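Structural overview
If you want the building blocks of each chain, they are given just below.
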Amino acid sequence: MSSDVELILLCILCALSSICGFVAKKKGYSFWHWFFAALLTYECFFLSMFIISFLPKLNTFDEESQNKVFEANKKYAWGIILGHIVFKVFEISINKLFF
C-alpha cells in the first residue's frame, strides 16, 4: 500500500479511537486507557466499544464503588492492549518459523 493510503487509514483509526475514548469519558472512565485500547486495530476498536457499552456509568455510584469500578476498568483496557501485543508477537513468531 502507498504511504498516503496508510496515513488515511491511521487517521480514520485515530478518529474511531477518539470516539471510543469520548464514550468512555462520558461514562466516567479514563479517556486515554480506552483511546489506546481501541487504537491498536479495527478489531480492538469494536471490542473496546462492545465492552464500554456494557459498563455502568460511574456517576451513579458512591465514591468507594467508583474507585473499585475504575480500577477494574483499567484492567479491561490493559487486557485488550496486552492481549493484542501478545497475539501479534505470537503471529510474527509463527510466520518466521514456517514461512
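Higher on the page you've got the structure.
Our subject in this report is the structure included herewith. (Residues numbered from 1 in each chain as written. Predicted model: local features only at pLDDT ≥ 70, side-chain atom pairs only at ≥ 80, totals over all residues. Heavy atoms only, no water.)

**Side note on the environment of Ile51**
Using the following cut-off: To qualify as a helix, a DSSP run of H or I must reach at least 4 residues; to qualify as a strand, a run of E must reach at least 2; elements of each kind are numbered from the N terminus. In this description, contact between two residues means that some pair of their heavy atoms is separated by no more than 4.5 Å.
Relative to the helices and strands, Ile51 resides in helix α3 (residues 42-54). The residues touching Ile51, leaving out its near neighbours within four places in the chain, are Trp34, Tyr76 and Ile80.

**What to know about the packing of helix α2 (residues 31-39) against helix α4 (residues 63-98)**
Worth spelling out the cut-off: Axis lines are fitted through C-alpha atoms, for helices just across the contact stretch, and the angle between N-to-C directions can take any value from 0 to 180 degrees. Note on angle classes: values under 35 degrees are labelled roughly parallel, values over 145 roughly antiparallel, values of 65 to 115 roughly perpendicular, and the remainder oblique. What makes a crossing left-handed is the near helix being turned counterclockwise from the far one by less than a right angle; a clockwise turn instead makes it right-handed.
Running from N to C, α2 and α4 point in directions that differ by 25°, and their axes come no closer than 8 Å. Our classification of the angle between α2 and α4 gives roughly parallel. Considering the relative orientation of α2 and α4, their crossing is left-handed. Contacts from His33, Trp34, Phe36 and Ala37 of α2 reach α4 at Asn73, Lys74, Tyr76, Ala77, Trp78, Ile80 and Ile81.

**As for the packing of helix α1 (residues 3-27) against α3**
Orientation of α1 relative to α3, taken along the N-to-C sense of each, is 10°, at an axis distance of 10 Å. As far as their axial angle goes, α3 and α1 are roughly parallel. Here α1 and α3 pass one another in a crossing that is left-handed. The segment α1 lies against α3, with Leu9, Ile12, Leu13, Leu16, Ser17, Cys20, Val23, Ala24 and Lys27 engaging Tyr42, Phe45, Ser48, Met49, Ile52 and Ser53.

**Looking at the nonpolar core**
Generally speaking, soluble globular proteins have nonpolar side chains that are buried together. The criterion, for reference: Note on terminology: a nonpolar core comprises buried Ala, Val, Leu, Ile, Met, Phe, Trp, Tyr and Cys residues joined through side-chain atoms within 4.5 Å. Throughout, exposure labels follow a simple rule: accessible area from a 1.4 Å probe, protein chains only, divided by the maximum for the residue type, with under 20% read as buried, over 50% as exposed, and the rest as partly exposed.
One finds Cys20, Ala24, Tyr29, Trp34, Ala37, Ile52 and Ile80 to be the most contacted residues of the largest nonpolar core, which totals 14 residues. Of all the secondary-structure elements, those providing two or more residues to this core are α1, α2, α3 and α4. Once you skip the residues sitting within four places of it in the chain, Ala37 turns out to touch Cys44, Ser48, Ala77, Ile80 and Ile81.

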